[in-house]
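Per-entry structural report
So you can see what is in the structure, the chains are spelled out below.
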Amino acid sequence: VLASLPLQVMLYFNVFYFPVWCLAEGMMLQLKYHLLPWHYQFLLVTAFLILSLAEGSRLYLGYLGNLQEK
């Protein structure tokens, strides 16, 4: 089984777009944070952190798995 070139290309571009998404989402969260009730504030920050950690680990494991042919 060989490494998948289309998957590697998608992972490559996603690595560059992920910080842009993180920055834009963080800026939007900062702008609207004080306008929301406390429970929405908690939910948005929690969701942002979980999504960021999940995406980062997905990219790392994708690179690792594709390059090692797993």
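Residues numbered from 1 in each chain as written. Predicted model: local features only at pLDDT ≥ 70, side-chain atom pairs only at ≥ 80, totals over all residues. Heavy atoms only, no water.

- In the annotation of an unreviewed UniProt entry, the entry for the protein reads TMM17 protein, and the organism field reads Pachyramphus minor.

Considering the overall build of the protein
- Helices and strands together make up the secondary structure of the protein, namely 2 helices and 0 strands.
- For 70 residues, the compact-globule formula gives about 11 Å, and the C-alpha radius of gyration of the protein, at 16 Å, lies well above that figure.
- If one aligns the C-alpha atoms of the protein with their principal axes, the spans along those axes are about 50 × 20 × 10 Å.
- A buried classification covers 17% of the 70 residues belonging to the protein.
- Long-range pairs, those at least 24 residues apart, make up 73% of the contacts in the protein between residues at least 6 apart in sequence.
- Of the roughly 5700 Å² of accessible surface on the protein, 77% is carried by carbon and sulfur atoms. (Helix = DSSP H or I, 4+ residues; strand = E, 2+ residues; numbered from the N terminus. Rg over C-alpha atoms; globule rule 2.2 N^0.38 Å. Buried < 20%, exposed > 50% of the residue type's maximum accessible area, 1.4 Å probe, protein only. Contact = heavy atoms within 4.5 Å. Areas by Shrake-Rupley, 256 points an atom, 1.4 Å probe, with all protein chains shown as cover.)

Digging into the pattern of salt bridges
- Under the definition given, this model contains 1 salt bridge.
- Here E55 makes a salt bridge to R58, at a shortest N to O gap of 2.7 Å. Of this pair, E55 and R58 both sit in helix α2 (residues 38-67), 3 residues apart, which is roughly one turn of that helix.
- The class for R58 is partly exposed, based on a relative accessible area of 41%. (Salt bridge = Lys/Arg side-chain N within 4 Å of Asp/Glu carboxyl O.)

Quick look at helix α1 (residues 5-32)
- Look at α1: 40 Å from first C-alpha to last across 28 residues, which is about the 40 Å you get at 1.5 Å a residue.
- The largest bend along α1 reaches roughly 30° and is located at F16, with the proline P19 sitting one to four residues downstream.
- Residues of α1 that are buried sit in contact with α2.
- A side-chain oxygen of the first residue of α1 lies 3.4 Å from the backbone nitrogen of L7; this N-cap is S4. (Expected span 1.5 Å × (residues − 1). Bend = angle between axes of the 7 residues up to and from the residue. Polar contact = N/O pair within 3.5 Å; in protein donor to acceptor, adjacent residues only side chain to side chain.)

With respect to the side chain of N66
- Assignment of secondary structure puts N66 in helix α2.
- Owing to a relative accessible area of 7%, N66 belongs among the buried residues under this scheme.
- Setting aside its immediate chain neighbours within four residues, N66 contacts A3, S4, L7 and Q8.

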